[in-house]
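What the coordinates show
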Amino acid sequence: MNKVLILTCSTGEGHNSAARAIESALLLANIPCEIADPVAFQSERMQHAVSSIYNNMIKKTPSVFGAIYKIGDFYAHTKLPSPVYWANAQYAEALRAYISDHAFDVVVCTHLYGMEVMTAIRQDPQFTIPCYGVLTDYVCIPFLEDTRLDGYFVPTEETKQELIEKGINSDHIFISGIPVDHVFSDPLDQTHARQRLSIPAEEKMYLIMTGGVGCENMMGLCDHMLQSLKAEGKIYILTGKNDSLKQKIDERYNRNKQITTVPFTRDVATYMAASDVLISKPGGLSSTEAAVANVPIVHVHAIPGCETYNAHFFSEHGLSMYAKSESEAASYANQLVYDAEKARTMQKMQREMIPKNAANRIVKEICQQ
């Protein structure tokens, strides 16, 4: 293997984080690689438009994702290529030329759009470069049945069975786990993490993550948590790239010393290591990062679709507690903070079920193919 192209897309941070984790594993193995957004091969304007539409949907109308799942189910039953496949096939020629011009000999996709366009390119039998897809949720995503790649890396046996039901050859499916950066698999201990962040050792630290784009439905959660928060408790909110959300929270709770907002940061692993409990949307990548970092988790505000499935998978296997309301999330968070046995049991299940070295597994497998 000489050079790997990793295709991702800025619809949320999870796909990009998975791409960076694979990039790190490749570089550690002395394999040159590059990360690119496939939509950019249609135009930079389209790339920005896709990212903007997705991010605004997540912030303002997350229920739309439930409708997308229904559309995906419809096309799965028709056995016809979906409009998503058609849209991504439009820039296949440009991407194929780029792959050839830059002498890539393997392509790894952490987003559906990359898998779709590579499927279109592979319609030409003269194109023989191996291509792989990496799932970043604990469920088979809509429209995946459009794709035909050399291999798929999935988190669990359950996900593998879903892909088989979609018509994907079982020999092409590898159970690897979801790739996360090594900073999560080898985290600081809580004492050193708190020292780095200047957080007092005696605090009970509640960490709220709103997703990379910063979902806006956090005010009610904060209100419920403050109602039961003890004197030693403090809430840290990672607001992602949503500056307006940070401003709203700061203005609403400006006199409350128990709430601290943190803008977009690459130091998420340190905040996780420092915390007593994480309250988060059930994104596949962020949930895996937390489980690998071995942090007690409360899931809340699941977006219909992948996140709902992620939350059910985690809670049913004892990897998190899935709250259906904000008051329930506050209650669950307090249980995990003050019931040491409950927290330890969850952390034990995380260690047993969630692989820490998925990125290395993926690199090893593609090198052997």
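A brief structural summary. (Residues numbered from 1 in each chain as written. Predicted model: local features only at pLDDT ≥ 70, side-chain atom pairs only at ≥ 80, totals over all residues. Heavy atoms only, no water.)

1. Thoughts on the overall build of the chain
Secondary structure assignment for the chain yields 17 helices and twelve strands. Sorting the 369 residues of the chain into buried and exposed places 54% on the buried side. Pairs at least 24 residues apart make up 68% of the contacts formed inside the chain by residues separated by at least 6 positions. About 16,200 Å² of surface is accessible on the chain, with carbon and sulfur atoms providing 50% of the total. (Helix = DSSP H or I, 4+ residues; strand = E, 2+ residues; numbered from the N terminus. Buried < 20%, exposed > 50% of the residue type's maximum accessible area, 1.4 Å probe, protein only. Contact = heavy atoms within 4.5 Å. Areas by Shrake-Rupley, 256 points an atom, 1.4 Å probe, with all protein chains shown as cover.)

2. Side note on the sheet that holds strand β9 (residues 259–262)
In space, the six strands of this open sheet follow the order β9-β8-β7-β10-β11-β12, with parallel pairing throughout. Either end of the sheet is taken by a strand with one partner, and the two such strands are β9 and β12 (321–322). As paired elements, strand β7 (residues 204–209) and strand β8 (residues 233–238) share six bridges and run parallel to each other. Bridging from a neighbouring strand, M205 pairs with K234 of β8. (Pairing = 2+ DSSP bridges.)

3. Looking at the pairing of strand β3 (residues 106–109)
The side chains of a regular strand alternate between both faces of the sheet. Residue alternation in β3 divides its side chains into two sets, V106 and V108 and V107 and C109, and both sets are buried. Pairing of strand β1 (residues 4–7) with β3, which is carried by four bridges, proceeds in the parallel orientation. Bridge assignment links V4 to a residue of β3, and that residue is V106. In this structure, β3 lies alongside strand β4 (residues 131–134), joined through three bridges in parallel fashion. In the sheet register, V107 faces β4, and the bridge partner there is C131. Tracing the backbone out of β3, into helix α6 (residues 112–121) and back to the parallel element β4 gives a crossover that is right-handed. (Right-handed = clockwise from strand over helix to strand, strands pointing away.)

4. So, the pairing of β7
Of all six residues in β7, five are buried, a share of seventy percent or more. One ladder, built from four bridges, connects β7 with strand β10 (residues 277–280); its direction is parallel. Pairing of I208 across the sheet is with I279, part of β10.

5. A short note on helix α16 (residues 340–353)
Between its first and last C-alpha atoms α16 spans 20 Å; for 14 residues at 1.5 Å apiece the expected length is 20 Å, and the two agree. All buried positions along α16 are accounted for by A343, M346, Q347 and Q350. Taken around the axis of α16, the buried residues stretch over an arc of 100°, which confines them to a single face. Packing partners of the buried residues in α16 comprise α13 (284–293), β11 (297–299), β12 and α15 (326–338). (Expected span 1.5 Å × (residues − 1). Arc of directions from axis to C-beta.)

6. Considerations on the pattern of salt bridges
Inspection of every chain in the model, using the stated rule, returns nine salt bridges. Ionic pairing is found between E341 and R344, a salt bridge with its closest N-O pair at 3.1 Å. Of this pair, E341 and R344 both sit in helix α16, three residues apart, roughly one helical turn. (Salt bridge = Lys/Arg side-chain N within 4 Å of Asp/Glu carboxyl O.)

7. A few points about the side chain of H111
Positionally, H111 belongs in the loop between β3 and α6. Accessibility expressed as a relative area gives 7% for H111, which makes it buried. When sequence neighbours within four positions are dropped, the list of residues in contact with H111 reads L7, T8, C9, T11 and H15.

8. Side note on the packing of helix α5 (residues 92–101) against α6
Across the interface, α5 lies against α6 with an axial gap of 9 Å and an inter-helix angle of 85°. In terms of their interaxial angle, α5 and α6 are classed as roughly perpendicular. Residues A92, L95, R96 and I99 of α5 lie in contact with α6, whose contacting residues are V117, M118, A120 and I121. Partitioned by chemical class, the residues of the contact of α5 with α6 number seven nonpolar, no polar and one charged. (Axes fitted to C-alpha atoms, helices over the stretch in contact; angles between N-to-C directions. Parallel < 35°, antiparallel > 145°, perpendicular 65-115°, else oblique. Nonpolar A, V, L, I, M, F, W, Y, C, P; charged D, E, K, R; others polar.)

9. Considerations on the nonpolar core
Counting 36 residues, the largest nonpolar core has I99, V107, M118, L144 and L163 as the members making the most contacts within it. Contributions of two or more residues to this core are made by β1, α4 (83–89), α5, β3, α6 and β5 (151–154). The leading source of residues in this core is α6, at six residues. Aside from chain neighbours lying at most four places away, what touches I99 is L5, F104, V107, M118, F127 and I129. Counting residues in each nonpolar core, the second largest holds 32 residues, with A18, M209, A290 and I297 among its members. (Core = buried A, V, L, I, M, F, W, Y, C linked by side-chain atoms within 4.5 Å.)

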